[in-house]
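Residues per chain, in single letters:
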Amino acid sequence: MDTPLQRTPLYEAHVKAGARMVPFGGWEMPVQYAGIIEEHRAVRNAVGLFDVSHMGEFELTGPHALDALQRLTTNDVAALAVGQVQYSLLCYPRGTIVDDLTVYRLADDRFMLTVNAANIDKDWAHVNQYTGQGQGARWKNVSADTGLIAVQGPRAEALVCRLAAEDVAKIGYYRFARGVVAGIDALISRTGYTGEDGFELYAQAVATARLWAALLEAGRDDGAQPIGLGARDTLRLEMKYALYGNDIDDTTNALEAGLGWVVKPAKGEFIGREALEKVRREGVRRRLVGIEMVDKAVARHGYPVLKDGRRVGVVTSGSYGPSVDRYIAMAYVETALAAMGTALAVEVRGQAKAARVVRTPFHPPRVKKG
Amino acid sequence: MAHVPKELRYTRDHEWAKREDDRVRVGITAYAAEQLGDVVFVELPKVGATATAKKPFGVVESVKAVSDLFAPVSGEIVEVNTGVPNAPETVNADPYGRGWMLVIAPSHKAEWAQLLTAEQYEEFLAQGAH
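Residues numbered from 1 in each chain as written. Chains lettered and ligands numbered in written order. Predicted model: local features only at pLDDT ≥ 70, side-chain atom pairs only at ≥ 80, totals over all residues.

J.: How would you summarise the packing of helix α2 (residues 36–45) of chain A against helix α7 (residues 229–239) of chain A if you had to cite specific residues and measurements?
T.: All names here are of chain A. Remark: α2 packs on α7, axes separated minimally by 8 Å, with the N-to-C direction vectors making an angle of 55 degrees. Classed by the angle they form, the pair α2 and α7 counts as oblique. Both α2 and α7 take part in a crossing whose hand is right-handed. Between α2 and α7, the residues in contact are I36, E39, H40 and V43 and G230, A231, T234 and L235, respectively. Here the contact of α2 with α7 is built from residues that sort into four nonpolar, three polar and one charged. (Axes fitted to C-alpha atoms, helices over the stretch in contact; angles between N-to-C directions. Helix = DSSP H or I, 4+ residues; strand = E, 2+ residues; numbered from the N terminus. Parallel < 35°, antiparallel > 145°, perpendicular 65-115°, else oblique. Left-handed = near helix turned anticlockwise from the far one by under 90°. Contact = placed C-beta atoms within 7 Å. Nonpolar A, V, L, I, M, F, W, Y, C, P; charged D, E, K, R; others polar.)

Structure representation (structure tokens):
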């Protein structure tokens, strides 16, 4: 609790820009600059810049790197070509989630894993415990040396194209390329956490502030602005993207969280496989669903979900969704009540407020196709 | 620093109170609105309900936070701004004007004198508002 908060290479830039700084997962991060709703709209309508340098990066190299990742992660890493990115999970043997992450295949025998900031130490311990160093696969925690800026929104491609030495428009969704942006070496990844088209630019920590300034400057006419964690949260909520610590954690299994699409038991043995196969056979007891409030009320993390007065689940994330102009939430509910249109209630300050299960994502994604 | 109109009185919970003849109009201060960020939900009582000084009369929620609204004075609630729950952003746009919340017919006249003056509220903010 008294551990000093860590700062990203962009800390000074945030303070100078008048950001409101808050503690987040052990880091001192900007929650908002101009205001959460304005920032949310800037990303949906133009382009926004996010400092996500707090996220962790591990590299794994060696002839057995692929085998180690196949054993550690739930998705099929063998299906990943060099230049591709894969969303995946680290699970415990009981099938619950250590972290969600993206896996980059840098070369045949070389990978990068991007993990949640609050989980860096836990994940590092986990990967070392289960695969160890040596054995033909060497781990390196490069989190502190790596800065990360997300450029997201319909004008993200034009902005990054203007600054990049290569044609970044040809990079497909969940693919990446090495390149030079504003004179800075970067790994240019067509990924994000907003539902909009865009990139995540990995750079050396020492060069990240220069990259940030160059993007803001070059994007001025596009309406580019810095975006805090507040809007990052409302943007991802409208997509029903899970946030570790809110919607998924070490008590939730991958299947009930709706992440069965990244669990590939056919690839062979991996940590959690047996437990998840059992869950798959027996069926999940609850499901993570999207909920829309029918009564006016904001459902928030931890609020009970009710059916005819009986507690049937719990809200994991909830807010006003600026692009859908409704109060929306994600919640675990009993499987029998997870069907689209099911009438439920959320207990808000002791009162049952009407809600219903709706189709997700709440807002249509506009990520690059193909 | 956030705007603190001289003619109003204040609570340590960041509500303002404005005397209008024998009634008191109530809202939240510009400082409170700034601290909350974008207000997305406001819940107010019905006309005819009773307000008790220093007790919650409603709730204001921003994207990130939930806050109780505290009554500056006790009495019957004689007017409620129904515009605010329908357009919560009004609280950020005009906290001392269109963002008002309710009007109380005070039942304990002595409570007014216990509210902070603008100078006292400014000092309270300057000290960190805890």
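Anyway, onward from the coordinates.
J.: Can you lay out the interface of chain B and chain A for me, pointing to particular residues and giving the numbers?
T.: If you look at the interface, chain B gives seven residues, while chain A gives ten residues. Considered class by class, the residues forming the side of chain B that touches chain A number three nonpolar, one polar and three charged.

J.: Give me the lowdown on the nonpolar core, citing residues and values where you can.
T.: Across soluble globular proteins, nonpolar side chains have a tendency to be buried as a group. Ranked by size, the top nonpolar core spans 139 residues in total, and within it I149(A), V151(A), I188(A), L201(A), A299(A) and V346(A) carry the most contacts. A total of seven residues in this core trace back to one element, the largest contributor, which is strand β17 (residues 326–334) of chain A. (Core = buried A, V, L, I, M, F, W, Y, C linked by C-beta atoms within 7 Å. Buried ≥ 20, exposed ≤ 12 C-beta atoms within 10 Å, placed from the backbone.)

J.: So what's going on with the environment of N141(A)? Residues and values would help.
T.: Along the chain, N141(A) turns up in strand β8 (residues 138–141). The class for N141(A) is partly exposed, based on 19 C-beta atoms found within 10 Å.

J.: Describe in detail unusual backbone geometry, supporting the description with residues and values.
T.: For the bond from T360(A) to P361(A), the omega torsion is 0 degrees, close enough to zero to count as cis. As for its position among the elements, P361(A) is in the segment after β19 (351–358). Phi at K240(A) takes a positive value of approximately 60 degrees, unusual for a residue other than glycine. Note on K240(A): 23 C-beta atoms within 10 Å, which makes it buried. Although it is not a glycine, D21(B) sits at a positive phi angle of roughly 55 degrees. Topologically, D21(B) is positioned in the loop between β2 (15–20) and β3 (23–28).

J.: Go over the pairing of strand β10 (residues 176–181) of chain A with me, naming the residues and quoting the values.
T.: All names here are of chain A. As paired strands, β10 and strand β11 (residues 184–189) are joined by six bridges and run antiparallel to one another. Following the sheet pairing, V180 is matched in β11 by D185. Counting the residues in the hairpin turn of β10 and β11 gives two residues, including A182, whose phi is positive at 55 degrees. (Pairing = 2+ DSSP bridges.)

J.: Pulling in residues and values, what's your account of the sheet that holds strand β9 (residues 146–152) of chain A?
T.: Each strand in a sheet pairs with its neighbour through backbone hydrogen bonds, running either in the same direction (parallel) or in the opposite one (antiparallel). Residues and elements named next belong to chain A. Strand order in the open sheet formed by six strands is β10-β11-β12-β9-β3-β13, with mixed pairing between adjacent strands. Of all strands in the sheet, those with a lone pairing partner are β10 and β13 (225–227), marking the two edges. Strand-to-strand twist of the sheet, defined as the mean angle between neighbouring strand axes without regard to direction, takes the value 30 degrees. Alignment of strand β3 (residues 48–51) against β9, held across four bridges, turns out to be antiparallel. Bridging from a neighbouring strand, L49 pairs with V151 of β9.

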